[in-house]
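The primary structure of each chain is shown beneath.
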Amino acid sequence: MYGKGLRILSIATVVAMAAALALVFFYAPLEAEQGFLQKIFYVHVPLAIVSLCGFVLGGLLAIQQLRTRDPRWDLRSYVTIHVSLIFALGALITGSIWAKGSWGHWWVWSEPTLVSFLIVFLLYATYQPLRFAIEDPERQARYASVFAITAGAFVPMNFIAVRLSTAYVHPRVLGSTSNLPAPMALTFLVSLTAIALLFATLCMYELTAKHARAQLRALRRRLAGDGERGHERRPRSAAPSPPAGPGIPTGPPMPAGAAMPGSAMSGPPRPAASGLPTTGMGAPATEGRG
Amino acid sequence: MGALTVAELPALPLHTAGPYVAAAYIVLFALVLIYVAIMSIRLARIERELGELLEISEQPGAPAGPAGEQGATGRESRS
């Protein structure tokens, strides 16, 4: 389902990344003020832009989830924010390294761009704990969507507020690429494309893995004869549980005597009408978190 | 004021700037590498669980639905 086109996307990402690196180190000229240190610009700024766009995209996908109540939109929103958070971490670390080389400090608290980005990062760092705190999947999806929309709206407002502020130490990129020499602008755009492709690829990998896992869980349930009851006892997880999709057979369940080797389903069969709660196919609590 | 002062610092020479640039790019690749490693662990787990399901479907009394067919396909491919 999500795996379609993944190979092409992966190849395009690798090619774009290689092209970006080649342009950064062999084509883009050295900047007059910062010299070789300015090469960090080509990784730091795209990471920051893509992560912020990812946060906004997560909010847009969450709107779809609230409109349709389809858990797939929740999964997409979750994965987008999850990967954006990783990219934001990368932007923070590379920015700190750049600040140390350029300004002599790992962090400058008086710089609004840095501090505002940290605020956005910390805001989204609470997304996963929020999800984990809610056990009911429907409520989890609903609250997480509200959070994603609110925080997603905060990102551009924060961006505009920072740009309207009076400090001009932090280099301005958006709206001033025309000031860059053509080779630098080209290198920057290729780097931005490469990082955006990397983002899309990682999101697709994550979605594919989660979907495959959901299908496996559904198949396990069917083979063990738990039927739909398995859905009710989902292990607590911050990650949404996507629908298994049409690939899962809906035939008769396997006889209760069939044991699951290497899992909690091994051992004597439970009486079918014992009323004991199922354990989500014997999945340990960590299973759903993947 | 202090910020303006640090902005006017001269460019670092190549031998000084090099480690910083290398560190920034290593961070990016480390993040991607860690992510790929996590994905490979997940893939291994999925593969293991698929193997378990295959074993179950091969047991006598397993349903002859698509899961059973899957088991047959698995046997054929392994033989």
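Residues numbered from 1 in each chain as written. Chains lettered and ligands numbered in written order. Predicted model: local features only at pLDDT ≥ 70, side-chain atom pairs only at ≥ 80, totals over all residues. Heavy atoms only, no water.

Draft legend 1. Focus on the overall build of chain B. A tally of helices and strands in chain B yields three helices and zero strands. Taken from the N to the C terminus, the helices and strands of chain B come in the order α-α-α. Put simply, chain B has 79 residues, and 33% of those count as buried. (Helix = DSSP H or I, 4+ residues; strand = E, 2+ residues; numbered from the N terminus. Buried < 20%, exposed > 50% of the residue type's maximum accessible area, 1.4 Å probe, protein only.)

Draft legend 2. Geometry of the overall build of chain A. The number of helices and strands found in chain A is eight helices and zero strands. Starting at the N terminus, the α and β elements of chain A follow one another as α-α-α-α-α-α-α-α. Out of the 290 residues belonging to chain A, those deemed buried represent 50%. Per element, the accessible surface of chain A, about 13400 Å² overall, is 68% carbon and sulfur. (Areas by Shrake-Rupley, 256 points an atom, 1.4 Å probe, with all protein chains shown as cover.)

Draft legend 3. Structural context of the nonpolar core. Core analysis: the largest hydrophobic core is formed by 62 residues, its most contacted members being I40(A), Y42(A), F55(A), V83(A), F87(A) and Y124(A). For this core, the secondary-structure elements that each account for two or more residues are α1 (6-26), α2 (41-68), α3 (71-103), α4 (112-125), α6 (137-164) and α7 (182-224) of chain A together with α2 (14-58) of chain B. In terms of nonpolar packing, the next biggest core, distinct from the first, is built from six residues, L216(A), L223(A), I46(B) and I56(B) among them. (Core = buried A, V, L, I, M, F, W, Y, C linked by side-chain atoms within 4.5 Å.)

Draft legend 4. Molecular detail of the confidence of the model for chain B. Residues and elements named next belong to chain B. Across chain B, the average pLDDT comes to 71, with 57% of residues at 70 or higher. Here helix α3 (residues 66-78) stands out as the least confident element of chain B, with mean pLDDT 43; α2 is the most confident, with 87. Every residue in residues 1-7 scores below 50 in pLDDT, and together they form six contacts with partners more than four places removed in sequence or on other chains. Note that residues 66-79 has pLDDT below 50 and, in this model, 16 contacts with residues that lie over four places away or in other chains. For this predicted complex, the interface score ipTM comes out at 0.71, while the overall pTM is 0.75. (pLDDT = per-residue confidence, 0-100. Contact = heavy atoms within 4.5 Å.)

Draft legend 5. Quick peek at the state of the cysteines. Applying the stated criterion across every chain yields a total of zero disulfides over all chains. Free cysteine C53(A): the closest other cysteine sulfur is in C203(A), separated by 12 Å. (Disulfide = S-S within 2.5 Å.)

Draft legend 6. Looking closely at the side chain of S10(A). Within the secondary structure layout, S10(A) lies in helix α1. In this view, S10(A) contacts T201(A) and Y205(A); residues no more than four positions away in its chain are not counted.

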